[in-house]
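# Results of the structural survey
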Amino acid sequence: MFSQTALNCIKLLQREGVEVIFKKDQTCCGQPSYNSGYYEQTREIVLHNVRLFKEDHPIIVPSGSCVGMMAHDYLELFEGHKAYEEVKNFSLRVYELAEFLDKKLEVRYTDLGAPIKVTWHSNCHALRVSKVIESAKKIISQLSNVELVPLQREEECCGFGGTFAVKEPEISNAMVQEKIHDIESRQVEYVLSADAGCLLNISGAMAKVRSKTKSMHFYDFLAQRVGLGV
């Protein structure tokens, strides 16, 4: 899912002169198994990623949820473990893409798109754990032809929550319907988010009710606005 988004993320970094190394053997950050209580199995996943990214380079991730796991939950999972320092060295190098573009590269963009109104959904982990929403909104504010219309209940969960949507489908559906009502009330063309899981949930539910509002991953949107996207 979202393979083109991954390519656009690489393009956004390359635009700033960054050499991007893509590790083809990388795998899931381990959050689904961690949240389900499979701690030993999750440690195996973590150590695979930690040892794959052993070079002293920043590790850029286009998902606040995965960053929350990799930069914070990894440390809790390995507290008191013999591999703790190895994991800590990895976690300290993890950045969400918007955070890296904003705070490390200090990007400045010229908006090449037509005037448009959008709204924004804040992924729960990006908001409360990795705390990178401010950077994403700062980047949007640079796009002169983009009007960001805030949701009334922006910080409420969309109902995905990974395994939560599977374990509690009725509650999850009720939550996403509330989110869609909020989105449609803003009368915008797109709802943006920087989390693939949230977008899968929201876009799928919006398609079922034939919503006229479209969804788009933030990094696809950004790439288009600066002349990089398809």
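Residues numbered from 1 in each chain as written. Predicted model: local features only at pLDDT ≥ 70, side-chain atom pairs only at ≥ 80, totals over all residues. Heavy atoms only, no water.

The chain carries the name (S)-2-hydroxy-acid oxidase in an unreviewed UniProt entry, which gives Helicobacter gastrocanis as its organism.

### Topic: the pattern of salt bridges
One pass over the full model with this rule turns up 12 salt bridges. The closest approach of N and O atoms between aspartate 25 and lysine 24, which form a salt bridge, is 3.6 Å. For aspartate 25, a relative accessible area of 45% gives the class partly exposed. For lysine 24, a relative accessible area of 70% corresponds to the exposed category. Measuring nitrogen to oxygen at the nearest pair gives 2.9 Å for the salt bridge that ties lysine 137 to glutamate 154. Within this pair, whereas lysine 137 is found in helix α8 (residues 133–141), its partner glutamate 154 is found in the loop between β4 (146–148) and α9 (164–167), the two being separated by 17 residues in sequence. (Salt bridge = Lys/Arg side-chain N within 4 Å of Asp/Glu carboxyl O. Buried < 20%, exposed > 50% of the residue type's maximum accessible area, 1.4 Å probe, protein only. Helix = DSSP H or I, 4+ residues; strand = E, 2+ residues; numbered from the N terminus.)

### Some remarks on the pairing of strand β3 (residues 116–120)
The buried fraction of β3 is high, at four of five residues. Pairing of β3 with β4 involves three bridges; the strand directions are parallel. Its bridge partner lying in β4, valine 118 is registered against leucine 148. Two strands pair when backbone bridges link them, and β3 and strand β5 (residues 190–193) are joined in this way by three bridges, in the parallel orientation. The partner of threonine 119 across the bridge, within β5, is valine 191. (Pairing = 2+ DSSP bridges.)

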